[in-house]
Amino acid sequence: MNAVIANIEADNYADALGQLQNDILGKTDGCANSGSPDANDWIKDCASQNIIYPLIQDAIAAVQSLM
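Residues numbered from 1 in each chain as written. Predicted model: local features only at pLDDT ≥ 70, side-chain atom pairs only at ≥ 80, totals over all residues. Heavy atoms only, no water.

**Topic: the overall build of the chain**
Link 1 in the chain: Of regular secondary structure, the chain possesses four helices and zero strands.
Link 2 in the chain: Among the 67 residues that make up the chain, the fraction classed as buried is 28%.
Link 3 in the chain: Restricting to contacts in the chain with at least 6 residues of sequence separation, those with at least 24 account for 34%.
Link 4 in the chain: Counting every atom, the chain has about 4,000 Å² of accessible surface; 54% of that belongs to carbon and sulfur. (Helix = DSSP H or I, 4+ residues; strand = E, 2+ residues; numbered from the N terminus. Buried < 20%, exposed > 50% of the residue type's maximum accessible area, 1.4 Å probe, protein only. Contact = heavy atoms within 4.5 Å. Areas by Shrake-Rupley, 256 points an atom, 1.4 Å probe, with all protein chains shown as cover.)

**Describing unusual backbone geometry**
Link 1 in the chain: Phi angles above zero are rare outside glycine, and Asp-11 is one such case at about 60 degrees.
Link 2 in the chain: Among the secondary structure elements, Asp-11 is positioned in the loop between α1 (2–9) and α2 (13–24).
Link 3 in the chain: Taking relative accessible area as the criterion, Asp-11 reaches 52% and is therefore assigned exposed.

Geometric descriptors of this kind do not, in isolation, establish any biological role.
As structure tokens, this is what we get:
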């Protein structure tokens, strides 16, 4: 997330969006997609993923609105 923030601060919105979509979202989406954490998920319980995943989706939408 620090890299995403740095890219946003530098007006590198495409890079920030790519990081959110390709690096972060896929590591928090197991519960949303299959009902249980994926092997590559950083967050290993669905209760926590269910909090974080929508926030990442909101961040993606926010960055898209800046482009």
